[in-house]
Amino acid sequence: RRRNNLVLSDMVGFILRRFVAGIFLLSAFSLLSSVPAQAELPSIGVPAAVRPDALGTPPGAEERILQVGLGLVADETISTGPTGQTHLLFVDGSTISIGPNASLRLDKFVYDSEAKEGELVVNVSKGLFRFVGGRISKKNAVLFKAPTAVIGIRGGVAIVQVNTPQQIAAAQNNGQTLPPAAATMLYGDRVTMQVGDPTQSIT
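The notes below deal with the structure included here. Note on numbering: residues in each chain are counted from 1, in written sequence order. Local features are withheld for residues below a pLDDT of 70 in this predicted model, meaning they are given only at 70 or higher, and side-chain atom pairs are given and counted only at 80 or more; totals for whole chains, interfaces and linings count all residues. The side-chain numbers reported here are obtained from all heavy atoms of the structure, hydrogens and water having been left aside.

### Quick word on the overall build of the chain
Link 1 in the chain: Across its full length, the chain carries three helices and 14 strands.
Link 2 in the chain: Exposed residues in this analysis have more than 50% of their type's maximum accessible area, buried residues have under 20%, and partly exposed residues fall in between, with area computed by a 1.4 Å probe over protein chains only. The buried share of the chain, reckoned over its 203 residues, is 31%.
Link 3 in the chain: In the chain, of all internal contacts separated by at least 6 residues, the share reaching a separation of at least 24 is 46%.
Link 4 in the chain: With an accessible surface of roughly 12,700 Å², the chain has 57% of that area assigned to carbon and sulfur atoms. Helix numbers and strand numbers start at the N terminus; a helix is a DSSP run of H or I with at least 4 residues, a strand a run of E with at least 2. Residue contacts follow a heavy-atom distance rule, with two residues in contact if any of their heavy atoms lie within 4.5 Å. Accessible areas in this description were obtained via Shrake-Rupley with a 1.4 Å probe; residue shielding takes into account the shown protein chains only.

See the structure below:
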């Protein structure tokens, strides 16, 4: 009987130790799970209009379907398919309309709402884009960095087109000529294009 009591006591002690250990592990897991894995990045703008087949890929995150009002972040890549289009509205009032089969990355966006100045830089790899300047472009040129050129837009509206080597070759086969990059000024102070050292300017 004494041995049975000892065995029972040992079993009760074992169960209690397992129970306490389980509570400790559960508490530790709850604490770890309550810590965010990554600080949420501030929004620099939103898609104001979207036609399906438009995607965004934030840094370190999975690709997502763009929706009106979805917060955009710096370093996010925006891409459109054959039927995709989107219109991006930034917090300084600048907008970029993106046509089908296009791709750009929001390299840098800095804006001081009190001073009403900042910096906007996008990296464009292909496609047709229409830019309408907001408060940033009134003081500093907004830069579109293409593979072969850097286009600056100051205080106005401009169209930027970037063609891929495949598009250029296809045009040549049809007897046409496409430049690697082109900029058209519709309105504003100045549009510049730098290819290597030379810089061309439209006012």
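### Points about the side chain of E76
Link 1 in the chain: Mapping E76 onto the fold places it in the loop between β3 (64-65) and β4 (77-80).
Link 2 in the chain: Residue classification places E76 among the buried positions, given a relative accessible area of 0%.
Link 3 in the chain: Under this definition, polar contacts are N or O atom pairs within 3.5 Å; protein pairs additionally need one hydrogen-donor-capable and one acceptor-capable atom, and for neighbouring residues in sequence, both atoms have to be side-chain atoms. At a separation of 3.0 Å, a polar atom in the side chain of E76 contacts the side chain of R64.
Link 4 in the chain: Once you skip the residues sitting within four places of it in the chain, E76 turns out to touch G56, T57, P58, P59, R64, L66, G71, L104, R105 and L106.

### Section: the packing of aromatic side chains
Link 1 in the chain: When the centres of two rings from Phe, Tyr and Trp lie within 6.5 Å, Trp using its six-membered ring, the rings pair. Their planes under 30 degrees apart give stacked, over 60 give edge-to-face, and anything left gives tilted. Summed over the entire model, instances satisfying the criterion amount to two aromatic pairs.
Link 2 in the chain: Look at F90 and F109: their rings are 5.7 Å apart centre to centre, the planes differ by 20°, and that puts the pair in the stacked class. Of this pair, F90 sits in strand β5 (residues 85-90) while F109 sits in strand β7 (residues 103-112), and the two are 19 residues apart along the sequence.
Link 3 in the chain: Under the relative-accessibility criterion, F90 is labelled buried at 3%.
Link 4 in the chain: For F109, a relative accessible area of 13% puts it in the buried group.
Link 5 in the chain: Each ring, one from F131 and one from F144, has its centre 5.7 Å from the other, and the planes form 75°; the classification is edge-to-face. Of this pair, F131 sits in strand β8 (residues 117-132) while F144 sits in strand β9 (residues 142-145), and the two are 13 residues apart along the sequence.

### Regarding the pattern of salt bridges
Link 1 in the chain: Just to be clear on terms, a salt bridge is a Lys or Arg side-chain nitrogen sitting within 4 Å of an Asp or Glu carboxyl oxygen. For the structure shown, the criterion picks out four salt bridges.
Link 2 in the chain: In this structure, the salt-bridge partner of K108 is E119, at a minimum N-O distance of 3.0 Å. One end of the pair, K108, is in strand β7; the other, E119, is in strand β8, with 11 residues separating them in the sequence.
Link 3 in the chain: On the accessibility criterion, E119 (34% relative accessible area) is partly exposed.

### Side note on the pairing of strand β10 (residues 150-154)
A regular strand carries its side chains on alternate faces of the sheet.
Link 1 in the chain: In short, DSSP must find at least two bridges between two strands for them to pair. Where β9 lies against β10, four bridges are found, and the strand directions are antiparallel. In the strand pairing of β10, V142 is matched with I153.
Link 2 in the chain: Between β9 and β10, which pair antiparallel one after the other, the connecting turn spans four residues.
Link 3 in the chain: Bridge count for β10 against strand β13 (residues 190-194) is five bridges, and the pairing is antiparallel. Its bridge partner lying in β13, V150 is registered against Q194.

### Comments concerning the environment of A183
Link 1 in the chain: Relative to the assigned elements, A183 resides in strand β12 (residues 181-187).
Link 2 in the chain: Separated by 30 residues in sequence, A183 and I153 have C-alpha atoms that sit 9.4 Å apart.
Link 3 in the chain: Residues contacting A183, with those up to four places away along its chain left out, are I151, I159, V191, M193 and I202.

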